[in-house]
Amino acid sequence: MKTIKILIVVLSVLLFAGITSAQDLKRVEFGLRYMPTIASIDFKAYNNDIVKGSVSFNQGFGIRMGFNLSKHVGIETEVDYYQISQSFRDLDLSNKVNIKYFNIPVLLSLNTNRESVVNLNVVVGPSFGINAGASIKSSGTSNTENVRAVAAVKKGDIGFAYGAGLEFALNSNHTLRLDLGYRGFYGLVKIDANKTSDNTYNVIANASRKTNAAYAGITFLF
């Protein structure tokens, strides 16, 4: 508890000092990102056995909006889109599951110096997930008496986003920047939903989402 109080005091001092000193700081940021993502989810077989998912490489994209309180402290939010695409076998069926998500994190950003040519940043904060669709395609033969596999996922979840990045100024007034870094997400909510009917079973295991992504993008400061 004492540690948390100390952190709050330190952040308050940084905010006050930065806001009163950085008169010419570019406050508003907008960025576009490409985000290759590594993710894995576990699946549930027809007999309720857990099938460990293999790590898959997926494509992702994002936009970010930020506000600099000082050259060291800022607040930003992102809208990141990505999909998980994984395959697994169950009985004699080959199943391919696709799940699409929007992640919307709200992050505290700590920076070495927003006004310098090179800036190192660390971010952390809550993240809200929105399921944009889930599907499963099965091929092969099944002896499950017409019981059908489905991918039933909750509409939303919540967790923590965190990461770090490096920014490189691309022009003389440092308003156009190359943005490189890492973004992680740790879910706090189980993503599996109830099956849709009596003749189906849900292949999504009772587990939360965890993703790791690199990113590369361009940021504009106003």
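Relevant structure appears above.
Quantities reported herein were computed from a predicted structural model and do not represent experimental measurements.

**Examining the overall build of the protein**
Logical step 1: When its secondary structure is counted, the protein shows one helix and 14 strands.
Logical step 2: Burial analysis of the protein (222 residues in total) assigns 41% to the buried set.
Logical step 3: Long-range contacts, defined as pairs at least 24 residues apart, comprise 70% of the intrachain contacts of the protein with a sequence gap of at least 6.
Logical step 4: Of the roughly 11700 Å² of accessible surface on the protein, 64% is carried by carbon and sulfur atoms.

**What to know about the pairing of strand 14 (residues 208-221)**
Logical step 1: Here six bridges tie strand 1 (residues 28-34) to strand 14, and the two strands are oriented antiparallel to one another. Within the sheet, the bridge partner assigned to G31 lies in strand 14 and is T219.
Logical step 2: Bridge count for strand 2 (residues 37-39) against strand 14 is three bridges, and the pairing is antiparallel. Across the sheet, I38 pairs through a bridge with N212, a residue of strand 14.
Logical step 3: Summarising the sheet, strand 12 (residues 176-190) and strand 14 pair through 12 bridges and their orientation is antiparallel. Paired with R177 across the bridge in strand 14 is T219.

**A few points about the pattern of salt bridges**
Logical step 1: A complete count under the given rule lists 10 salt bridges for this structure.
Logical step 2: The closest approach of N and O atoms between E78 and R183, which form a salt bridge, is 2.7 Å. Pair noted here: E78 is in strand 7 (residues 73-90) and R183 is in strand 12, with a separation of 105 residues, a long-range link.
Logical step 3: Look at E78 and you get buried, because its relative accessible area is 0%.
Logical step 4: The exposure class of R183 is buried, given its relative accessible area of 6%.
Logical step 5: Close ionic contact of R114 with E167 constitutes a salt bridge, the shortest N to O distance being 2.3 Å.

**As for the environment of L120**
Logical step 1: Mapping L120 onto the fold places it in strand 9 (residues 118-140).
Logical step 2: Judged by relative accessible area, L120 falls into the partly exposed class, the value being 42%.
Logical step 3: Taking C-alpha positions, L120 is 7.5 Å from A164, a pair spaced 44 residues apart along the chain.
Logical step 4: If sequence neighbours within four positions are ignored, L120 has contacts with L110, N111, T112, G165 and L166.

**Re the nonpolar core**
As a rule of thumb, soluble globular proteins bury nonpolar side chains together.
Logical step 1: Counting residues in hydrophobic clusters, the biggest one holds 16 residues, and the most contacted among them are F43, V97, I99, V203 and I204.
Logical step 2: Of all the elements in the fold, those that place two or more residues in this core are strand 7 and strand 8 (93-111).
Logical step 3: Dropping the residues within four chain positions of it, F43 is found in contact with D49, I50, V51, G53, Q86, F88, V97, V203, I204 and A205.

**Details of the pairing of strand 9**
Logical step 1: Here strand 8 pairs with strand 9 via 17 bridges, running antiparallel. Residue K100 lies in a different strand from strand 9, and its bridge partner there is G133.

**Looking at the environment of G129**
Logical step 1: Residue placement: G129 occurs in strand 9.
Logical step 2: On a C-alpha basis, the gap between G129 and V189 in space is 10.0 Å, while along the polypeptide they are 60 residues apart.
Logical step 3: Among residues more than four places away in sequence, those in contact with G129 are Y101, F102, N103, K155, G156, D157 and R209.

Criteria and thresholds
Residue indices follow the written sequence of each chain, beginning from 1 at its first position. Residue-level local features of this predicted model are given only where pLDDT is at least 70; pairs of side-chain atoms are given and counted only at 80 or more, and the full residue set underlies all totals for whole chains, interfaces and linings. The side-chain values count all of the structure's non-hydrogen atoms but skip hydrogen atoms and water molecules. Each helix is a run of DSSP H or I of at least 4 residues and each strand a run of E of at least 2, with the numbering of both proceeding from the N terminus. Categorising residues by exposure relies on relative accessible area from a 1.4 Å probe, with only protein chains included: less than 20% of the type maximum marks a residue as buried, more than 50% marks it as exposed, and the intermediate range marks it as partly exposed. Contacts were defined at the residue level, with two residues in contact if any of their heavy atoms lie within 4.5 Å. Here, Shrake-Rupley sampling with a 1.4 Å probe gives the accessible areas, and only protein chains in the shown set may cover a residue. Two strands form a pair only when DSSP identifies at least two bridges running between them. Salt bridge, as used here, is a side-chain nitrogen of Lys or Arg placed within 4 Å of a carboxyl oxygen of Asp or Glu. Throughout, nonpolar core names a set of buried Ala, Val, Leu, Ile, Met, Phe, Trp, Tyr and Cys residues whose side chains join them through atoms within 4.5 Å.

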